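Single-letter residue listing:
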Amino acid sequence: DMLEVLAHGSPNFTQLVAADMKFSVFTRVWCIAELAQANSSGVLQRVCVFSEDDFAHDADNLKLYIQLTNLRVEECRASRPEDKAFILSKIEDIEAF
C-alpha cells in the first residue's frame, strides 16, 4: 500500500494529523484505518491540535479526555455503511484494537 512505499522509500516521511476542535478525525473509520496502517508500516506520526489548553494537567473540562480515551473503532462513522463493514472486517481483534 502507499503508506508502506512512502515509509520505506523516504525514512523521514511523517504522517501529520490535523485535528479539528472536536477531534472528529478520530470518529471516522477511514481516518482510523489510515492511522492504523501508518502505525503498522512504521510511519512516524504527529498530531496537530487546535489548542493544547484542553490537555493541561489542570484543565477543568475532562470531556475531551474522556471522549478520546473511550474511542471504539466499531462506533466510528463512515459515509457508506459498506465502507465501515469492509474496514471492520479487516480488523482481527476489534476489542484489542
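Overview of the structure. (Residues numbered from 1 in each chain as written. Predicted model: local features only at pLDDT ≥ 70, side-chain atom pairs only at ≥ 80, totals over all residues. Heavy atoms only, no water.)

**Some details on the packing of helix H2 (residues 29-40) against helix H4 (residues 81-89)**
One can describe the packing of H2 onto H4 by two numbers: an axis separation of 10 Å at closest approach and a directional angle of 30°. Comparing their axes, H4 and H2 come out roughly parallel. The chirality of how H2 crosses H4 is left-handed. Within the contact between the two elements, H2 uses Val 29, Trp 30 and Ala 33 and H4 uses Asp 83, Lys 84 and Ile 87. Looking at the contact of H2 with H4 residue by residue, the class counts come to four nonpolar, no polar and two charged. (Axes fitted to C-alpha atoms, helices over the stretch in contact; angles between N-to-C directions. Helix = DSSP H or I, 4+ residues; strand = E, 2+ residues; numbered from the N terminus. Parallel < 35°, antiparallel > 145°, perpendicular 65-115°, else oblique. Left-handed = near helix turned anticlockwise from the far one by under 90°. Contact = heavy atoms within 4.5 Å. Nonpolar A, V, L, I, M, F, W, Y, C, P; charged D, E, K, R; others polar.)

**Observations concerning the nonpolar core**
If you look at the biggest cluster of nonpolar residues, it comprises 14 residues, and the most contacted ones within it are Phe 26, Ile 32 and Val 73. The set of elements that each furnish at least two residues to this core consists of H2 and H4. (Core = buried A, V, L, I, M, F, W, Y, C linked by side-chain atoms within 4.5 Å. Buried < 20%, exposed > 50% of the residue type's maximum accessible area, 1.4 Å probe, protein only.)

**Looking at the pairing of strand S1 (residues 14-18)**
Burial along S1 is one-sided: the residues Gln 15 and Val 17 are buried and none of Thr 14, Leu 16 and Ala 18 is. As paired strands, S1 and strand S2 (residues 44-48) are joined by five bridges and run parallel to one another. Counterpart to Ala 18 in the pairing with S2 is Cys 48. For the segment spanning S1, H2 and S2, crossover handedness is right-handed. (Pairing = 2+ DSSP bridges. Right-handed = clockwise from strand over helix to strand, strands pointing away.)

**Brief notes about the environment of Gln 37**
Positionally, Gln 37 belongs in helix H2. When the C-alpha positions of Gln 37 and Val 17 are compared, they lie 14 Å apart, and in sequence the two are 20 residues distant. Leave out the neighbours within four places in its chain, and Gln 37 touches Asp 1, Leu 3 and Glu 4.

**Observations regarding the packing of aromatic side chains**
Tallied over the full model, the rule gives one aromatic pair. For the pair Phe 23 and Phe 26, a centre-to-centre distance of 6.3 Å together with 20° between the ring planes defines the contact as stacked. Accessibility classification places Phe 23 together with Phe 26 in one group, the buried group. (Phe/Tyr/Trp six-rings, centres within 6.5 Å; stacked < 30°, edge-to-face > 60°.)

**Description of the side chain of Asp 83**
As for its placement among the helices and strands, Asp 83 is situated in helix H4. Residue contacts for Asp 83: discarding those within four places in its chain leaves Trp 30 and Ala 78.

**Side note on H2**
Here H2 contains twelve residues, and its C-alpha end-to-end distance of 16 Å stays within 8% of the 16 Å for a straight helix at 1.5 Å per residue. Among the residues making up H2, those that are buried are Val 29, Ile 32, Leu 35 and Ala 38. At its buried positions, H2 is contacted by helix H1 (2-9), S1, S2 and H4. Phi turns positive, to about 85°, at Gly 42, one or two residues after H2. (Expected span 1.5 Å × (residues − 1).)

Everything listed here is a matter of geometry and, on its own, says nothing about what the molecule does.
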